[in-house]
Amino acid sequence: MNITLSNTNTKEYRLMYCFGTWVTKEVIIAESDQEAVFDADASFSESNLSGWQHGVALFCGNRKVKEYC
């Protein structure tokens, strides 16, 4: 299945956790940082990452959008 995003203003965000290096937990496609943060907050609260002792953050490319722990 191929999806073409050329006509949209979406960006790819990644909810990641640190385990020696940053590892992708989930990919979120959103039009804005606020939308991505909303989706990531919901995913974070439903996952077992809330007790993770190392870093958890939402990234857009190399830019850290939000840090959770």
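Residues numbered from 1 in each chain as written. Predicted model: local features only at pLDDT ≥ 70, side-chain atom pairs only at ≥ 80, totals over all residues. Heavy atoms only, no water.

Draft legend 1. Broad picture of the pairing of strand S2 (residues 22-30). Here strand S1 (residues 11-18) pairs with S2 via eight bridges, running antiparallel. Considered in S2, the bridge of Tyr13 is made with Ile28. (Pairing = 2+ DSSP bridges. Helix = DSSP H or I, 4+ residues; strand = E, 2+ residues; numbered from the N terminus.)

Draft legend 2. Up close: the sheet that holds strand S3 (residues 56-60). Spatially, the four strands line up as an open sheet ordered S2-S1-S3-S4, and their pairing is antiparallel. Strand pairing shows two members of the sheet lacking a second neighbour, S2 and strand S4 (63-67), which therefore form its edges. Averaged over all pairs of adjacent strands, the angle between strand axes in this sheet comes to 30 degrees, irrespective of strand direction. The pairing of S3 with S4 spans four bridges and is classified as antiparallel. Looking across to S4, one finds that Phe59 is bridged to Lys64. Sitting on the sheet, helix H1 (residues 33-46) touches S1, S2, S3 and S4, and the angle it makes with S2 is about 130 degrees. (Axes fitted to C-alpha atoms, helices over the stretch in contact; angles between N-to-C directions. Contact = heavy atoms within 4.5 Å.)

Draft legend 3. Fine view of the nonpolar core. In this structure, Tyr13, Ile28, Ala40, Val56, Leu58 and Tyr68 are the most contacted members of the largest nonpolar core, which totals 13 residues. Contributing elements (two or more residues each) for this core: S1, S2, H1 and S3. For this core, the element with the most residues is H1, which contributes four residues. Ala40 has contacts with Leu15, Ile28, Leu58 and Tyr68, leaving out every residue within four places of it along the chain. (Core = buried A, V, L, I, M, F, W, Y, C linked by side-chain atoms within 4.5 Å. Buried < 20%, exposed > 50% of the residue type's maximum accessible area, 1.4 Å probe, protein only.)

Draft legend 4. Local environment of the packing of aromatic side chains. Enumeration over the complete set of coordinates arrives at four aromatic pairs. On the basis of an interplanar angle of 70 degrees and a centroid distance of 5.1 Å, the ring pair of Trp22 and Phe59 is categorised as edge-to-face. With Trp22 in strand S2 and Phe59 in strand S3, this pair connects stretches of sequence that are 37 residues apart. Residue Trp22 is classed as partly exposed on the basis of its relative accessible area of 32%. The exposure class assigned to Phe59 is buried, which follows from its relative accessible area of 11%. Between Phe44 and Tyr68, the aromatic rings sit 4.5 Å apart at their centres with planes inclined by 25 degrees, giving stacked as the arrangement. Within this pair, whereas Phe44 is found in helix H1, its partner Tyr68 is found in the segment after S4, the two being separated by 24 residues in sequence. (Phe/Tyr/Trp six-rings, centres within 6.5 Å; stacked < 30°, edge-to-face > 60°.)

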